[in-house]
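Residues per chain, in single letters:
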Amino acid sequence: MSAAHPSPEQDLAIARAALARGDLSHAARHLAGALAADPLHPEFLETAEALLREAPENAAQLIPLKEGGWFGDVALRAWLLARTGNATEALSLLLHVAAVKPEVPYLAWTRRWFESPGFARAVEPLPVAAAAEQILRGVDLSAHPAMTDSAIALLARVRAVHPEVPELLLVHARMLRGANRFQEGLESALAYERAYSNWTAAIAVAGAYRCLGDVPSALEYFRLALTRKPEDLAVRLDIGDLLWAEGKSQEALASYEEVLAREPEHAWALPSALLLRAQVTGNAALLRDFLRFAEQHPENPRAQDLRQEVLAAGYTPPPEGEPWVDYLPEPSEATLSAVLKVLDAFAEGKVGANEEMKLTVSCLEAPSAMLSARRQLATRVSGELRVTVQNIPKPDPRVPRQQGWLQRLGFRPQRPALWRYEGTEAHPAVEPPSARVSERIGALAAKPFHLGRWRAEAATLSRELSEVRPLEIAAVMVHPPPGPSDTMAWNWLNAVQVAAALVLAESEAGRALLHDIVLGPTDWVAGAAVVALTAYAGEDREKAGPVLGMIVKLLGERPSQGHWCLEYPLVVSALRMSGSEPESRDWLQEWRRRLES
């Protein structure tokens, strides 16, 4: 320690020396320094008693109050006041010190003070309640449990003498709640309600019930508070928050809407209502509106918290623009959601790395979904995924469409297919492509998607691979190269399939193969083929006619049940094709809206 900052022991020695020569003010200043280090140290307190004996009537005047005074001086003044019968000022000053220095256990002194006969009866409750309020405003009670317990005990002793002072009841109830002593806080709040039955009392009781997890009772008292102060917006927010947490989204929205009717730009109610409107209606466009609001208002804490909740729940905001033009939509099979849950369980230690995983799906799903699901699982676990399929939709998605009877009887070559089935298990029907083909298609798939740029690169790649058979290029769609570690396997496979299809669409033989793929077993590869053929046809009515006819025919063959991976690409592609009749476009637009909602 430097001379400017004596140690507690040095402060004590200086105080004792000053006391011995009668310099009481100097002794008090250094005694305050020692007590600031340890208010309960026996030698420090013995010296305080000696100081008190030397100035029994006016001891507190040794340390006059000054604006901006040091907390140690104020604390010693409070001690001296308490010992000379000034109970109210002593407690008030010490509570103010605790609000500034909660880590120093000064409030432990008050246990002894209240043991003095008449001390509690001498306390005026209002100044003490006001001083305790400073602790609630400035201190994290959970970080200072010893100080909090002392403050609560102090307030309880004053309440015992003044049981119906509203300010004291309220601050005591709030401090109990802040200390997580919820049942005691409720009892104090109910006592306040019984005595005064005002808005403040109802709020205190509602808050106590909320902390205890009794939502119905909390709502009852928040609504009671609203009858006592109908213009209160904060209570409507509390009601909305509680109802939302209870899953009563429609009622919660109504509560936020009441706030917005009075204050349309309310910083809490507006983002809450925007997200709830999306939740209640299931409208994806409204969800995008909420996310856009959150992005445009980074200064709004409520909007940012809700946005984080949405993203943490696994929601990925769709990119702006047109699907298969500006971005590639993510696949949405139930199998993929199940895989994400398995991976979460593995991360939490609930699933072992070698554990066999069993999955039951209500309907047969696309082979690409199963392939990518297994690939994604393999990044974390080595256990096998076994899938049980309960139903096969009609028409059977395993069977190629529009095969002629001669082909079905084996008298003509079957159309080439990328998948073959053994029961409900699909396997690639083609050999893997060469490393060169795999590498070149993978390089295109790894680039940010934009249809125009990908088509330009696909045209170059098609010329580069002109000597490669179309079926070998298509083979990469079921034998994808390894993807980036930060990309889900299904998103990578989807990108590879679209990249390969765009390359194939640049040659006549490739387009013929894409046509066969569309009519083959139902899978993402058929969707990629539809996208590529649509992009090739563009606005050319002559080219678009056969493609549009195939799409319309397929749309009329929607499966009887289950998720149909071709539905969205077929509908979007039909709308993009030149030659659609106006009435058909209206019907398709409505179909698309349903799919995107």
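Our subject is the structure that appears above.
As the structure is a computational prediction, the values presented were derived from the model and not from experiment.

(A) Representation of the overall build of the chain. A count of helices and strands for the chain gives 29 helices and four strands. Against the 2.2 N^0.38 benchmark of 25 Å for 597 residues, the chain shows a C-alpha radius of gyration of 38 Å, more extended than a compact globule. Considering the chain as a whole, with its 597 residues, one finds that 48% of them fall into the buried category. Of the contacts formed within the chain by residues at least 6 apart in sequence, a portion of 64% connects residues at least 24 apart. Accessible surface, the chain as shown: approximately 28900 Å² in total, 52% of it carbon and sulfur. Measuring between centres, the 61 positive side-chain charges of the chain sit 4 Å from its 75 negative side-chain charges.

(B) Fine view of the pattern of salt bridges. Following the criterion strictly, the structure yields 29 salt bridges and no others. In this structure, Glu193 engages Arg228 in a salt bridge whose closest nitrogen and oxygen atoms are separated by 3.0 Å. Taken together, the residues Glu193 in helix H10 (residues 182–196) and Arg228 in helix H12 (residues 215–228) connect sequence positions 35 residues apart. Between Arg592 and Glu322 there is a salt bridge whose closest N-O contact spans 2.9 Å. Pair noted here: Arg592 is in helix H29 (residues 582–596) and Glu322 is in the loop between helix H17 (301–312) and helix H18 (334–347), with a separation of 270 residues, a long-range link. A relative accessible area of 30% places Glu322 in the partly exposed class. In the salt-bridge network here, residues are joined through shared partners; they are Glu322, Arg576, Arg592 and Glu596.

(C) Representation of empty space enclosed by the protein within the structure. Following the criterion strictly, the structure yields three cavities of 30 Å³ or more and no others. The wall of the largest cavity is formed by 18 residues, among which Pro397, Thr522, Pro559, His563 and Trp564 lie closest to the centre. Residue composition of the lining of the largest cavity, grouped by class: 11 nonpolar, three polar and four charged.

(D) Quick look at the packing of helix H1 (residues 8–20) against helix H2 (residues 24–37). It is at 8 Å that the axes of H1 and H2 come closest, and there the two elements cross at 155°. Here H1 is positioned roughly antiparallel relative to H2, judged by the angle of their axes. Between H1 and H2 lies a crossing whose hand is left-handed. Residues Pro8, Asp11, Leu12, Ile14, Ala15, Ala18 and Leu19 of H1 lie in contact with H2, whose contacting residues are Leu24, His26, Ala27, His30, Leu31, Gly33, Ala34 and Ala37. The residue inventory of the contact of H1 with H2, partitioned by class, reads 11 nonpolar, three polar and one charged.

(E) Here's a closer look at the nonpolar core. Membership of the largest hydrophobic core comes to 86 residues, with the highest contact counts inside it found for Leu418, Ile441, Trp454, Met477, Leu514 and Ile517. At 12 residues, helix H24 (residues 489–504) tops the list of elements feeding residues into this core. Excluding anything up to four places from it in sequence, Trp454 contacts Leu328, Leu444, Ala445, Lys447, Pro448, Phe449, Ala495, Val498, Ala499 and Leu502. One finds Ala50, Ala90, Leu107 and Ala129 within the second-largest nonpolar core, a separate group that totals 68 residues.

(F) Structural view of the pairing of strand E3 (residues 419–422). Pairing of E3 with strand E4 (residues 425–428), which is carried by four bridges, proceeds in the antiparallel orientation. Residue Trp419 lies in a different strand from E4, and its bridge partner there is Pro428. The loop that links E3 with its antiparallel partner E4 comprises two residues; one of these, Gly423, has a positive phi angle of about 70°.

(G) Layout of helix H7 (residues 125–138). For H7, built from 14 residues, the straight-helix expectation of 20 Å at 1.5 Å per residue is met to within 8% by its first-to-last C-alpha distance of 21 Å. All of the buried residues along H7 are Pro125, Val128, Ala129, Ala131, Ala132, Glu133, Ile135 and Leu136. Taken together, the buried residues of H7 touch helix H5 (87–100), helix H8 (145–161) and helix H9 (166–178).

(H) Up close: the environment of Glu124. Along the chain, Glu124 turns up in the loop between helix H6 (109–113) and H7. Residue class for Glu124 comes out partly exposed when judged on its relative accessible area of 49%. Separated by 33 residues in the primary sequence, Glu124 and Leu91 place their C-alpha atoms 9.8 Å from one another.

(I) Here's a closer look at unusual backbone geometry. For the peptide bond that leads from Lys394 to Pro395, omega is -5°, which places it in the cis range. Among the structural elements, Pro395 can be located in the loop between strand E2 (385–391) and helix H20 (405–408). Even without a glycine there, the phi angle at Trp324 is positive, about 65°. Looking at the element boundaries, Trp324 is found in the loop between H17 and H18.

(J) Examining helix H26 (residues 524–537) more closely. For H26, spanning 14 residues, the distance from its first C-alpha to its last is 20 Å, which sits close to the expected 20 Å at 1.5 Å a residue. Positive phi appears at Gly538, one or two residues downstream of H26, with a value of about 55°.

(K) Focus on the side chain of Glu567. Locating Glu567 in the fold gives a position in helix H28 (residues 567–576). The class of Glu567 is buried, set by a relative accessible area of 9%. Here Arg558 takes part through its side chain, which lies 3.1 Å from a polar atom of the side chain of Glu567. One polar contact links Glu567 to Trp591, side chain to side chain, over a distance of 2.8 Å. Not counting residues up to four positions away in its chain, the partners in contact with Glu567 are Arg558, Trp591 and Leu595.

Procedures and definitions
Residues numbered from 1 in each chain as written. Predicted model: local features only at pLDDT ≥ 70, side-chain atom pairs only at ≥ 80, totals over all residues. Heavy atoms only, no water. Helix = DSSP H or I, 4+ residues; strand = E, 2+ residues; numbered from the N terminus. Rg over C-alpha atoms; globule rule 2.2 N^0.38 Å. Buried < 20%, exposed > 50% of the residue type's maximum accessible area, 1.4 Å probe, protein only. Contact = heavy atoms within 4.5 Å. Areas by Shrake-Rupley, 256 points an atom, 1.4 Å probe, with all protein chains shown as cover. Lys, Arg positive; Asp, Glu negative; His and termini not counted. Charge placed at Lys NZ, Arg CZ, Asp CG, Glu CD. Salt bridge = Lys/Arg side-chain N within 4 Å of Asp/Glu carboxyl O. 1 Å grid on protein atoms, 1.4 Å probe; cavity = no way out; pocket = protein on both sides within 12 Å on 5 of 7 lines; lining within 4 Å. Points joined across faces, edges and corners; volume = space filled by probe spheres on them. Nonpolar A, V, L, I, M, F, W, Y, C, P; charged D, E, K, R; others polar. Axes fitted to C-alpha atoms, helices over the stretch in contact; angles between N-to-C directions. Parallel < 35°, antiparallel > 145°, perpendicular 65-115°, else oblique. Left-handed = near helix turned anticlockwise from the far one by under 90°. Core = buried A, V, L, I, M, F, W, Y, C linked by side-chain atoms within 4.5 Å. Pairing = 2+ DSSP bridges. Expected span 1.5 Å × (residues − 1). Polar contact = N/O pair within 3.5 Å; in protein donor to acceptor, adjacent residues only side chain to side chain.

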